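# Structural description and commentary
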Amino acid sequence: MRHPIALVLLVALVAGLAFGAGAQAPPIEGELTLITPVSKFIHDAALKAFADYAKERWNVTVRTNAIPAGTPVAYGRIVEWKGRPDADIFWGGESALFEKLAEQKLLQKVEISKELWDSIPASIGKPRPIPLKDRDGFWVGTALEPYGLVYHPVKIKRLGIPEPREWDDLLNPKLQGEVAQCAPTRSSSSNATYEVILSMLGEEKGWDWLKKLAANTGHFTARSRDVPTVVAKGEFAAGFAVPSYMAFEEKLAGFDIRYVAPKNAFVTPEPMAILAGTRNPRAARAFIEFLLTERGQRVFMERGLFPITPRYKVQGPPGSPAELAVQFTGGLRSYFDGDVANVYDEGVAAKRSEALKTRFRSDIEAVWKKPN
């Protein structure tokens, strides 16, 4: 009698194993965490759109989270995590830091579909091409965005000066104490724009220019996102090294703020990478792929960013946020429609990164005094 019972148990066990082997794991994990300098205005919208998409396509409920951190701070945390990260994705800032993370084996290859990867050109800009994706596949751009100037038109008029259009306009003596900026030690947009000034003028003349800018600076903000805020509120007349979408967010909130991207303003591809050791690699990869589709790109276009691929242009119904973004940035719909002037050198920036911050601390931060 024991043999038939044993046979029944064996059949049940085999059937159970076969069922388990045939059962498929969910296509993506149910959790996704970013570490990012990209503002809540952008990353909340992107995460919500992805969560909606994941529910529609796979019937998977994805819990999303973002750890806000300036690019240098985020970079430092990722290094400290040593391949056991508390986030899945690093998003935003200078690509030079992504290169450094890849060298330390703290990123894994993106490995998105060939069609999406190939839809993004290798670079944009002259005479120095700006990489839009990593040649070794460790990061990919998600949207294009200039780092320029903002100003409060009423305050500028009261000061009796022309509306700023070029970098040198911020050195006007009447702007003493009226400029807001964020330190390059806390902001990748400031660091990249400092690099632009140094590349345009050379090391010594560039630092002389940056010291003059500091003399006109009335406030160093805690983060780059605060620069357009204090200008929009009329606390300062102008802001330096401001990402376009951060200024556009203030415009959508009803503030009278203007934006301009001077010649050679750095255009970031807002790089995105999957961290080595991530607990949710499939969700991370699906998130990146989603952002590169038309649906994902429209999330950006409606918030003052530009498409990372020539496939799309910023456009929408009259009065829509997309059309307001076009108007706000001087009629631009795509960075692929014309020439992009760029002097930022990624290789030089990566090598000079620490030296730039050190000199800022000694030559500007240590001696700067808030104007009376």
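What counts, and at which threshold
Counting from 1, residues in each chain are numbered in the order their sequence is written. Confidence filtering applies because this is a predicted model: local features only for residues at pLDDT of at least 70, side-chain atom pairs given and counted only at 80 or more, and all residues used for totals across whole chains, interfaces and linings. Calculation of side-chain values draws on the structure's entire complement of heavy atoms; hydrogens and water are dropped beforehand. Residues are called lining when one of their atoms sits within 4 Å of a cavity or pocket point, these points coming from a 1 Å grid over the protein atoms alone, where a cavity is a set in which a 1.4 Å probe fits but cannot get out and a pocket is an open set with protein on both sides within 12 Å along at least five of seven lines. Grid points are joined across faces, edges and corners, and a volume is the space filled by probe spheres set on the points. Note that Gly is not counted as nonpolar here; it falls among the polar residues with everything else outside the nonpolar set of Ala, Val, Leu, Ile, Met, Phe, Trp, Tyr, Cys and Pro and the charged set of Asp, Glu, Lys and Arg. Counting from the N terminus, the helices are DSSP H or I runs at least four residues long and the strands are E runs at least two residues long. The cut-offs for exposure are 20% and 50% of the maximum accessible area for each residue type, with area from a 1.4 Å probe on protein chains only; residues under the lower value are buried, those over the upper are exposed, and the others partly exposed.

### Considering empty space enclosed by the protein
Under the defined criterion, the tally for this structure stands at two cavities of 30 Å³ or more. Volume-wise, the largest cavity comes out at about 40 Å³. Lining the largest cavity are S95, P129, I130, P131, F266, P269, Y344 and E346. Here the residues of the lining of the largest cavity sort into six nonpolar, one polar and one charged. Forming the boundary of the second largest cavity are E94, A96, L97, N191, A349, A350 and S353.

### Focus on unusual backbone geometry
Geometrically, the link from K126 to P127 is a cis peptide bond, its omega value of 0 degrees lying close to zero. Take P127: it is sitting in strand β6 (residues 126-127). A positive phi angle, close to 55 degrees, is found at E111, a residue other than glycine. With respect to the helices and strands, E111 occurs in the loop between β4 (107-108) and α5 (114-119). Look at E111 and you get exposed, because its relative accessible area is 58%. Look at N264: it is not a glycine, yet its phi comes out positive at around 70 degrees. Position of N264 among the secondary structure elements: in the loop between β13 (258-260) and β14 (267-268).

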